[in-house]
Structures are given as C-alpha cells and as structure tokens.
Amino acid sequence: MNWAVIGTGVIANEMAQALQKMDKKLYGVANRTQEKALAFPNRLRRAGDHAFTK
C-alpha cells in the first residue's frame, strides 16, 4: 500500500513520523504550494526521518 499526505504542516510531519515507526514509507505529498510540497521530503531527511521512498 502506498501512503501520501495532504499538506506539509504539523499533522503531516506527525503522520510521516508515525509511518516511519511502523516501517512504512511515504509515496507522495500534496500541497497548494508546489514549493512546499517539493521541500517537505528534504525537510524530513534533514531531521533524520527517511520516510520517503525517493
């Protein structure tokens, strides 16, 4: 099953962390602003979270 989040705020971050704890990966992210959607995986990686598949 592929997982994705809508938004890049606090709840999306918590969801990404919860998925990581369950050994699941995020497949994608959606946001009204493309810039924020593209920055979200990089922000998680800098925080030490490797939840994204790519």
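Not measured: the values here are computed from a predicted model. (Residues numbered from 1 in each chain as written. Predicted model: local features only at pLDDT ≥ 70, side-chain atom pairs only at ≥ 80, totals over all residues. Heavy atoms only, no water.)

**A few points about the nonpolar core**
- Of all hydrophobic cores here, the largest spans seven residues; its members are V5, A12, A16, L19, L26, F40 and L44.
- Counting residues per element, the ones that place at least two in this core are α1 (10-21) and α2 (34-46).
- The leading source of residues in this core is α1, at three residues. (Core = buried A, V, L, I, M, F, W, Y, C linked by side-chain atoms within 4.5 Å. Buried < 20%, exposed > 50% of the residue type's maximum accessible area, 1.4 Å probe, protein only. Helix = DSSP H or I, 4+ residues; strand = E, 2+ residues; numbered from the N terminus.)

**Side note on the pairing of strand β1 (residues 3-6)**
- Summarising the sheet, β1 and strand β2 (residues 26-30) pair through four bridges and their orientation is parallel. Residue pairing for β2: V5 is matched across the bridge by V29. (Pairing = 2+ DSSP bridges.)

**Brief notes about the environment of N31**
- Take N31: it is sitting in the loop between β2 and α2.
- Owing to a relative accessible area of 27%, N31 belongs among the partly exposed residues under this scheme.
- In sequence terms N31 and V5 are 26 residues apart; their C-alpha atoms lie 8.8 Å from each other.
- Every residue in contact with N31, bar those within four places of it in the chain, is listed here: G7, T8, K36 and A37.
- At a separation of 3.0 Å, a polar atom in the side chain of N31 contacts the side chain of T8.
- Polar contacts involving the side chain of N31 include one to the main-chain amide nitrogen of T33, which spans 2.9 Å. (Contact = heavy atoms within 4.5 Å. Polar contact = N/O pair within 3.5 Å; in protein donor to acceptor, adjacent residues only side chain to side chain.)

**Points about the environment of T33**
- Among the structural elements, T33 can be located in the loop between β2 and α2.
- Sequence-wise, T33 and T8 are 25 residues apart; in three dimensions their C-alpha atoms are separated by 9.6 Å.

**Some points on the confidence of the model for the protein chain**
- On average, residues of the protein chain score 83 in pLDDT, and 83% of them reach the 70 mark or higher.
- Considering each helix and strand of the protein chain separately, the mean pLDDT is smallest for α2, with a value of 84, and largest for β1, with 92. (pLDDT = per-residue confidence, 0-100.)

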